[in-house]
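Breakdown of the fold
Chain residues, written in single-letter form:
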Amino acid sequence: MKAGRSSSLRLLLLACCACGAAGYPFRPPPDLDVTPRVTVLSSSLHGCRRFRSSVVNYSAMLLEAEGEQRLYVGARGAVFALDASDISTASALTIEWEASPEQKRQCLLKGKDNKTECFNHIRFLQRFNSTHLYMCGTHAFSPMCAYIDAERFVMSSPEEGRDKCPYGPKTGYTGIIVDQEMYTASQYEFRSFPDIRRNSPSPTLKTEDAPTRWLNEASFVGSALVRESLSSSSSAGDDDKIYYFFTEGSLEQTGTSTHGRVARVARICKGDRGGRLTLQKRWTSFLKARMTCSLPEYDFHFNELRSVFVMAGDTPRDTLFYGVFGLGWKNIKASALCRFSLSDVQEAFQGPYMENQDSNWKEYTGKIPDLRPGTVSVHSLTHALFASFKYVGHEKLS
Ligand SMILES: *[C@@H]1O[C@H](CO)[C@@H](O)[C@H](O)[C@H]1NC(C)=O
Ligand SMILES: *[C@@H]1O[C@H](CO)[C@@H](O)[C@H](O)[C@H]1NC(C)=O
Ligand SMILES: *[C@@H]1O[C@H](CO)[C@@H](O)[C@H](O)[C@H]1NC(C)=O
């Protein structure tokens, strides 16, 4: 324990030196206790099991702890099924799925990088039903999806994936399958606007690009289903929700925020079937709010959401969201971990909201309609900043 502590202090000092050398004096405030509660060094991981293959770019993981205890791993041109109780055993099953030489040639002709982009990077890998998994890959800049028979671990029915999977390996992306319906969020093609969509059943529902743009250069990092209908507290018409986590350009004008990038949480109702007269094929339940992770007394604002972990509680109401946030400034490598409870998020969505005036978002000061935005129709965004966040610690990344 003692060794762990001193090494974490070294980590912090390194962070200071690196920044100081570059001429940016970033130092953790002296009175801020950033000592981690537990530190585990990789050298102290005895009995650590490894899986190795010649494949690179591991990009998707799916752990199924029940039944056969498998860890599925997607990579560049391959998917593996490992024994979760010991991933180093030689029993790994493999599906090789790479784009053909002709498809790679087409990719190169499109001006893409044949050392990184012109491969099939598996971006999506999830359970579809009791017998099959579903996966999607970038497939040399021409995405494809396919089923996997989990028992035999063979691929079947490859199909077009352009609507479900981004074209490149690094594009911000998140996707989940809920009750055999696939929900994804990304900027699929370079020229398209980012959106949050449900791909099936038809018609596809999406966020809107015009006349009002609901998302602004959003880069997605995660999404999660919360079965709020199971909570006894759910008010009338409440439904299971899907939450999305991302960073995007801010268009709102408020006292403090400038037009930089901000971290966001958005949500849609799973039962949403789109509008009838207005908002046809659009979500009628879309709302978004800013996630603040900052140390206001030191003027540190961690606006770049890099990753999110959703921790299920005893009941859906006890769900917690942990986010890894970075500073938006390129030259300073510092990050923070903030925790948000589902009720913080719900409170923000119940709070005051903004309206679009001349392509700027301003706080809405009129009477709030009886049917709140987010229940039926949307021309609004919540803007309430989260009142409570918990600062856990920060460290140098990478
Ligand atoms: C894939 O791995 C190679 C070799 O490790 C690395 O150079 C490349 O940047 C990786 N590509 C992506 C998209 O992560
Ligand atoms: C990528 O394409 C260039 C031609 O533009 C070729 O010389 C090179 O060998 C290719 N590299 C790979 C890894 O295919
Ligand atoms: C699961 O989905 C696959 C692909 O649609 C289908 O072939 C299979 O029969 C389904 N399994 C069950 C148990 O419904």
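Residues numbered from 1 in each chain as written. Chains lettered and ligands numbered in written order. Predicted model: local features only at pLDDT ≥ 70, side-chain atom pairs only at ≥ 80, totals over all residues. Heavy atoms only, no water.

Pairing is antiparallel across the open sheet formed by four strands, whose spatial order is β5-β6-β7-β8. Two strands lie at the open edges of the sheet, namely β5 (122–127) and β8 (154–160), each paired on one side alone. Strand-to-strand, the axes of this sheet are offset by a mean angle of 20°, without reference to chain direction. The pairing of strand β6 (residues 132–137) with strand β7 (residues 144–149) spans six bridges and is classified as antiparallel. (Pairing = 2+ DSSP bridges. Helix = DSSP H or I, 4+ residues; strand = E, 2+ residues; numbered from the N terminus. Axes fitted to C-alpha atoms, helices over the stretch in contact; angles between N-to-C directions.)

Bringing the nonpolar core into the picture now. In terms of nonpolar packing, the biggest core is built from 25 residues, with Tyr-243, Phe-245, Val-265, Met-291, Phe-302, Phe-321 and Phe-325 touching the most fellow members. Among the secondary structure elements, those contributing two or more residues to this core are β14 (241–249), β15 (261–269), β16 (287–290), β19 (304–311), β20 (320–326), β21 (335–341) and α3 (342–350). In this structure, Ile-196, Trp-214, Leu-215 and Leu-279 belong to the second largest nonpolar core, which totals 18 residues. (Core = buried A, V, L, I, M, F, W, Y, C linked by side-chain atoms within 4.5 Å. Buried < 20%, exposed > 50% of the residue type's maximum accessible area, 1.4 Å probe, protein only.)

Attention now moves to the sheet that holds strand β1 (residues 60–64). Read across the open sheet, the four strands follow the order β1-β2-β3-β4; overall the sheet is antiparallel. Two strands bound the open sheet, and with one partner strand each, they are β1 and β4 (93–96). Within this sheet the neighbouring strands show an average axis-to-axis angle of 10°, counted without direction. Bridge count between strand β2 (residues 70–74) and strand β3 (residues 78–83): five bridges; the pairing is antiparallel. The residue bridging Val-73 from the neighbouring strand is Phe-80, located in β3.

The next point concerns the site of ligand 3. As a matter of local geometry, ligand 3 sits amid Phe-128, Asn-129, Ser-130, Thr-131, His-132 and Tyr-147. Here an oxygen atom of ligand 3 sits 2.3 Å away from a polar atom, N or O, in the side chain of Asn-129. Interatomic distance of 2.9 Å between a side-chain N/O atom of Thr-131 and a nitrogen atom of ligand 3. Against a free-state accessible area of 360 Å², the protein chains account for coverage of 47% of ligand 3. Of the residues belonging to the shell around ligand 3, the class tally is two nonpolar, four polar and no charged. (Near = heavy atom within 4 Å. Polar contact = N/O pair within 3.5 Å; in protein donor to acceptor, adjacent residues only side chain to side chain. Areas by Shrake-Rupley, 256 points an atom, 1.4 Å probe, with all protein chains shown as cover. Nonpolar A, V, L, I, M, F, W, Y, C, P; charged D, E, K, R; others polar.)

With that out of the way, let us pick up the pairing of β21. When you tally the buried positions in β21, you get five out of seven residues, the bulk of the element. Where β20 and β21 come together, seven bridges link them in antiparallel fashion. Note that in β21 the partner of Val-324 across the bridge is Leu-337.

So, about the environment of Pro-101. Summarising the element assignment, Pro-101 is placed in helix α2 (residues 101–109). Residue Pro-101 is classed as exposed on the basis of its relative accessible area, which comes to 69%. Sequence separation between Pro-101 and Ala-140 is 39 residues; the distance between their C-alpha atoms is 9.7 Å.

Glancing now at the pairing of β14. The buried fraction of β14 is high, at nine of nine residues. Where β14 meets β15, nine bridges bridge the pair, whose relative direction is antiparallel. Bridge pairing in β15 places Phe-245 opposite Val-265.

Looking at the protein, the pLDDT average stands at 79 and 77% of residues meet or exceed 70. Ignoring residues within four places in sequence, the model shows residues 1–25, a span with pLDDT below 50, making 25 contacts including any to other chains. (pLDDT = per-residue confidence, 0-100. Contact = heavy atoms within 4.5 Å.)

Considering all chains together, one arrives at three disulfides under this definition. For Cys-107, the disulfide goes to Cys-118, at an S-S distance of 2.1 Å. Judged by the torsion about the S-S bond (-85°), the Cys-107/Cys-118 disulfide is left-handed. On the criterion of sequence distance, the pair formed by Cys-107 in helix α2 and Cys-118 in the loop between α2 and β5 is long-range, its members being 11 residues apart. For the pair shown, Cys-107 and Cys-118 are each scored as buried. The disulfide bridge from Cys-293 ends at Cys-338, spanning 2.1 Å between sulfur atoms. On the sign convention where negative means left-handed, the S-S torsion of about 85° between Cys-293 and Cys-338 marks this disulfide as right-handed. One end of the pair, Cys-293, is in the loop between β16 and β17 (294–295); the other, Cys-338, is in strand β21, with 45 residues separating them in the sequence. Residue Cys-293 is classed as buried on the basis of its relative accessible area, which comes to 2%. Note on Cys-338: relative accessible area 0%, which makes it buried. If you count the bonded cysteines of the protein from the N-terminus, they pair up as 1-2, 3-4, 5-6. (Disulfide = S-S within 2.5 Å.)

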